[in-house]
Amino acid sequence: PSRMATASKTHVTGYKFVDLPDRDALRQPFRDATARLGLKGLVLLCDEGINFFVAGTGEACTGFTQFLETDERFRGIPIKTSYVAEVPYKRMLVKLKREIIALGMDEIRPADMTGAYVAPKEFKRWLDEGQDVVVLDTRNDYETRLGTFDGAVDLKIANFKEFPEEVIRQLPLPCKGEESPGAGADIGADEDKGAEKGSNWSGGGDTAFGHPSIKKETKIVMYCTGGVRCEKASAMMMNAGFSNVYQLDGGIINYFQECGGAHWHGECFVFDKRVALDPELNETATITCFKCRQPLTIVEQASEEYVVGESCPYCHGKANGTKAAPTAGGGEASGTEAEAGGGEDGPLEARMSVEAAFGGSGDGGGDAKGPGAAGHKRRRGGDGREEGHEEGSSSPLRVRSGS
C-alpha cells in the first residue's frame, strides 16, 4: 500500500517572526490547548516569534490552528500540513527560547527585514533558463553532503551560527554604497584558512564561488529545509549590502512538492525519524549512526567501519566519536539555539528539548532505522553541536500550503 493510503495522522508545522513581549505568559495557554486537543510535539515561544510542529488527529490539528487564530499576532501563519502513519512524538512540550533560530546577531530581525520569497516554480524557471544566479545553501555540512541543488554553494558549516563568519570569509561582500565589493583585507587574510577547511573560496579580487565580479546587485537565492534559516540568512546578507537577495519559499520540501527533483542531486536530510527523503518525498534507506549520529547512506552502511550500534565511517577509531549530527527531532527548531535561543541550529539545551518530544535520548543499542534499533535510539552529548528544529524540517509527505 502507498504511504498516503496508510497515513492516518496529521502533522502541522509553522513559524512566524513577531515580537512576543508576553512570551512567558503565553506558555500555559499553549499547554492547556495542546493538552485539551491531545496533540504531541513541540511549540517554541521565543522573544522573536513562534515555531511549532505538532501532530495528532486531523480534528485536533484543526483545533490547534483555530487556537492560533485567537491571537492576532499568529493569524495568517502559513501552515504546512503532512500526513503520517503514526504520531512521531512521544509527548507535548512548550518551550521558552530567545530565538527561533540562533544566529547570534541581535541586529538581524526578520520581522522587520528579510529577503524576497521566490516560489519553487519560479526558481526552477530561473535554473531552466540558466540565469546568472548564485544559489547558496545555508544548511549544515552533514545535511549538504546528502544532497544539494546542482551548482549550489556549500559553505561547509557545522552549525548555523557559523554562517555569518563563513559567508563573509568565502564571499567578497559588497560595502554599502560601493559598486564593486572586492575581497577585502579580512577575507584575503583568511584565504589559507578557507583552503584548509575545503571552502568554496576561489581567490582574491571580485571572484567567489566561481562567479566573477559579484556585486551588490547580483541575484542570490538561498535555501534550507523549510525556510526558517533563510529568514535570518537573507536578512544578514541584505544588511551586509546585497540588494538582490531571495529565499526559496517553503524551502527544499516545498520545492520537492511542487517541482520534484529537477536540478536537485541526492537526498534531503530531515529532522525526524525518517532521516532523509528523496525528491518524491519518500523515505530513503539513510539512517543515523548510534554513536555519532551522522547520517549514513546505504553505501556508507556497507562500509567495514560501520558496526551497528558501535561505529561508522565518521567515528570509527575515534575514542569519543566525531562531531555529532542531530537525529530525529534534533533539527532546525526549528529543526531546528545558543544561550536560551530557539531554532534550527540551537544549542545542546534546544536539542535536548526536541529529543524529549521524541521520547528522550537513546537507552540501548542499535542505529536509527537500522537493524536492532528500538524505535529511534540516540545518545545525548557529543560535542554539543547546536541544533533546534526548523519549520518544515518535519518534511511533510504532502504539503497543502505554507511558506
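Please refer to the structure higher up on the page.
A brief look at the structure comes next. Just so it is clear, the model here is predicted, and its values are computed rather than measured.

## A look at the packing of helix H2 (residues 23-37) against helix H3 (residues 58-69)
Taken N-terminus to C-terminus, the directions of H2 and H3 make an angle of 155°; their axes are 9 Å apart at the nearest point. The angle between H2 and H3 falls in the class roughly antiparallel. Note on packing geometry: the crossing formed by H2 with H3 is right-handed. Facing H2, whose interface residues are Pro 29, Phe 30, Ala 33, Thr 34 and Leu 37, H3 presents Ala 60, Gly 63, Phe 64, Phe 67 and Leu 68. Classifying every residue of the contact of H2 with H3 by side-chain character gives 8 nonpolar, 2 polar and no charged.

## Thoughts on the sheet that holds strand E9 (residues 153-154)
Hydrogen bonding along the main chain pairs the strands of a sheet, whether they run parallel or antiparallel. The 5 strands are arranged E6-E11-E10-E7-E9 in an open sheet whose pairing can be described as parallel. For this open sheet the edge positions go to strand E6 (116-118) and E9, each flanked by a neighbour on one side alone. Pairing analysis gives 3 bridges linking E6 to strand E11 (residues 245-248), with the strands arranged parallel. Residue Val 118 lies in a different strand from E11, and its bridge partner there is Leu 248.

## A few points about the sheet that holds strand E1 (residues 9-17)
Judged by pairing direction, the sheet is mixed, and its 5 strands sit side by side in the order E4-E1-E3-E2-E5 without closing on themselves. Single-partner strands in this sheet number two, and they are strand E4 (80-84) and strand E5 (92-97). Between one strand axis and the next, the sheet turns by 10° as a mean value, whatever way the strands run. When strand E2 (residues 40-46) meets strand E3 (residues 49-56), the two strands line up antiparallel, connected through 7 bridges.

What counts and how
- Residues numbered from 1 in each chain as written.
- Predicted model: local features only at pLDDT ≥ 70, side-chain atom pairs only at ≥ 80, totals over all residues.
- Heavy atoms only, no water.
- Axes fitted to C-alpha atoms, helices over the stretch in contact; angles between N-to-C directions.
- Helix = DSSP H or I, 4+ residues; strand = E, 2+ residues; numbered from the N terminus.
- Parallel < 35°, antiparallel > 145°, perpendicular 65-115°, else oblique.
- Left-handed = near helix turned anticlockwise from the far one by under 90°.
- Contact = heavy atoms within 4.5 Å.
- Nonpolar A, V, L, I, M, F, W, Y, C, P; charged D, E, K, R; others polar.
- Pairing = 2+ DSSP bridges.

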